[in-house]
Amino acid sequence: LSKVGGDRDGHPFVTADVTSRTLDQLHQQAVTLADEALRDLAVRLSLSDRRLRVPPDVAAWVKTTAEATGPVGQSAVDRNPKESFRQCVNLIRARLPGAEVPNVYQHASEVLTDLKRVRGWLCDVGAGRLAAHDLDPVIRVVQTFGFHLAKLDIRQNSRFHDLAVGQLLAAAGIPDGKSFGEWDEPKRLGLLADELASPRPLAAPEAPLGAEAEAVLSCYRVLRSHIDQRGTDGLGSLIVSMTRSVSDLLVVYLLAKEAGLTVVDDDGLRCLLPVVPLLETIDDLGRGLG
């Protein structure tokens, strides 16, 4: 887990753009790790088809994958004639994110599936020790770092969220909405329950909002875009520092709903990321345990 690029509690320069660039950098570093591990594996995996009974499935997979991957895949195969296992590794490497091929891997789990397939073939030809010594460490790299390297937590203070919601309510014309942070808990919970049950957004897309609302919503939209492209593997939790009450958590759901970071399924409204309270005073801890 990492907070660097995601912890905006007291850090005004951690903007949505910073979070976006952080996620991209983590992704690129993870892909580079996988690429380097696969490159080294291809160097070591020099088994010759002339000395082995290579299972027919290997040649079929190489042929199908090379055809689907286009010229880049065919080049990966042509570099090592009569070395099917090295060809397999080169084809996997050719499909890592960023490669200019039509069937690039979308998720690290797809890489793991193919690596485990190659491992099974190595065991079939009696090269189990080689698989354990050379291939298994590559599998562990991909299992550990995926395409994300680390999970990024997003942290913000409950007061900042209150200001953001107040600005949304004011933009929506809710009476006394701007002072939402000063409302008592029952009134806050009542409004939040109503708004979370409503399918409509609070503010029109073109409505001018305050700095806090823009900051939270732009961050959450970055998170939704990341999920759409790469899934949730690189994302941790939405952490609410100085959590005082239940409404401090429901506020995050409302903001997430406004930014498209929630979905509705059989269990009702659900945020795509966990919402986690951070209880930082003795009184808040007591209320949380009660």
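Position numbers for residues start from 1 in each chain and track the written sequence from start to end. Local features are withheld for residues below a pLDDT of 70 in this predicted model, meaning they are given only at 70 or higher, and side-chain atom pairs are given and counted only at 80 or more; totals for whole chains, interfaces and linings count all residues. Neither water nor hydrogens contribute to the side-chain values; these are computed over all heavy atoms in the structure.

A.B. asks: Would you mind showing me how to read the packing of aromatic side chains here?
C.D. replies: Each aromatic ring pair is summarised here by two numbers: the centre-to-centre distance and the angle between the ring planes. The pairing test for Phe, Tyr and Trp rings, Trp by its six-membered ring, is centres within 6.5 Å, and the orientation test on the planes gives stacked under 30 degrees, edge-to-face over 60, and tilted for anything in between. For the coordinates displayed, the defined rule picks out 2 aromatic pairs. Ring geometry for W61 and W121: centres 6.2 Å apart, planes at 65 degrees, overall edge-to-face. Here W121 lies in helix α4 (residues 108–124) and W61 lies in helix α2 (residues 56–78), a separation of 60 residues in the sequence. W121 carries the same exposure label as W61, and that label is buried. Sitting above the plane of the Y105 ring, R95 keeps its charged end 4.0 Å from the centroid. Runs of H or I in DSSP of at least four residues are treated as helices and runs of E of at least two as strands, each being numbered from the N terminus. Classification of residues uses two cut-offs on accessible area relative to the type maximum, computed with a 1.4 Å probe and protein chains only: under 20% is buried, over 50% is exposed, and between them is partly exposed. The rule is short: NZ of Lys or CZ of Arg within 6 Å of the ring centre and within 35 degrees of the ring normal puts a charge over the ring.

A.B. asks: Before we go on, may I ask you to explain the state of the cysteines in this structure?
C.D. replies: By definition, a disulfide links the sulfur atoms of two cysteine residues through a covalent bond. Disulfide: a pair of cysteine sulfur atoms within 2.5 Å of each other. The tally for this structure, following the rule as stated, stands at 0 disulfides. Note on C123: no disulfide assigned, nearest cysteine sulfur contributed by C88 at a separation of 14 Å. Judged by relative accessible area, which is 36%, C123 ranks as partly exposed. The structure places no disulfide on C219, whose sulfur is separated from the nearest cysteine sulfur, that of C271, by 11 Å.

A.B. asks: Would you mind showing me how to read the layout of surface pockets here?
C.D. replies: The probe, sized like a water molecule, is rolled over the atoms to show the empty space still left. Counted as a void, the largest pocket has a volume near 290 Å³. Put plainly, a pocket is an open set of points on a 1 Å grid over the protein atoms alone with protein on both sides within 12 Å along at least five of seven lines, a cavity is a set where a 1.4 Å probe fits but cannot get out, and a lining residue has an atom within 4 Å of a point. Forming the boundary of the largest pocket are 23 residues, of which R8, V14, Q156, F160 and A215 lie nearest the centre. Secondary-structure elements contributing two or more residues to the lining of the largest pocket are β1 (152–157), α6 (158–171), α8 (211–230) and β2 (235–241). Per element, the largest residue contribution to the lining of the largest pocket is 7 residues, and it comes from α8. Residues are grouped as follows: Ala, Val, Leu, Ile, Met, Phe, Trp, Tyr, Cys and Pro are nonpolar; Asp, Glu, Lys and Arg are charged; all remaining types, including Gly, are polar. Its residues placed into classes, the lining of the largest pocket shows 12 nonpolar, 7 polar and 4 charged. Grid points are joined across faces, edges and corners, and a volume is the space filled by probe spheres set on the points.

A.B. asks: Teacher, can you tell me more about the nonpolar core here?
C.D. replies: Generally speaking, nonpolar side chains in soluble globular proteins are found buried as a group. F180, Y220, L223, L238, L255 and L261 are the most contacted members of the largest nonpolar core, which totals 38 residues. Residue assignment for this core shows that the elements contributing at least two residues are α1 (16–44), β1, α6, α7 (185–197), α8, β2 and α9 (246–258). Ranked by the residues each element gives to this core, the list is headed by α8, at 8 residues. Contacts are assigned to residue pairs that have any heavy atoms within 4.5 Å of one another. With residues up to four places along the chain from it excluded, the contact list for L238 reads I154, Y220, L223, V252, L261, C271, L273, P274, V275 and V276. Side-chain atoms within 4.5 Å link the members of a nonpolar core, which is a set of buried Ala, Val, Leu, Ile, Met, Phe, Trp, Tyr and Cys residues.

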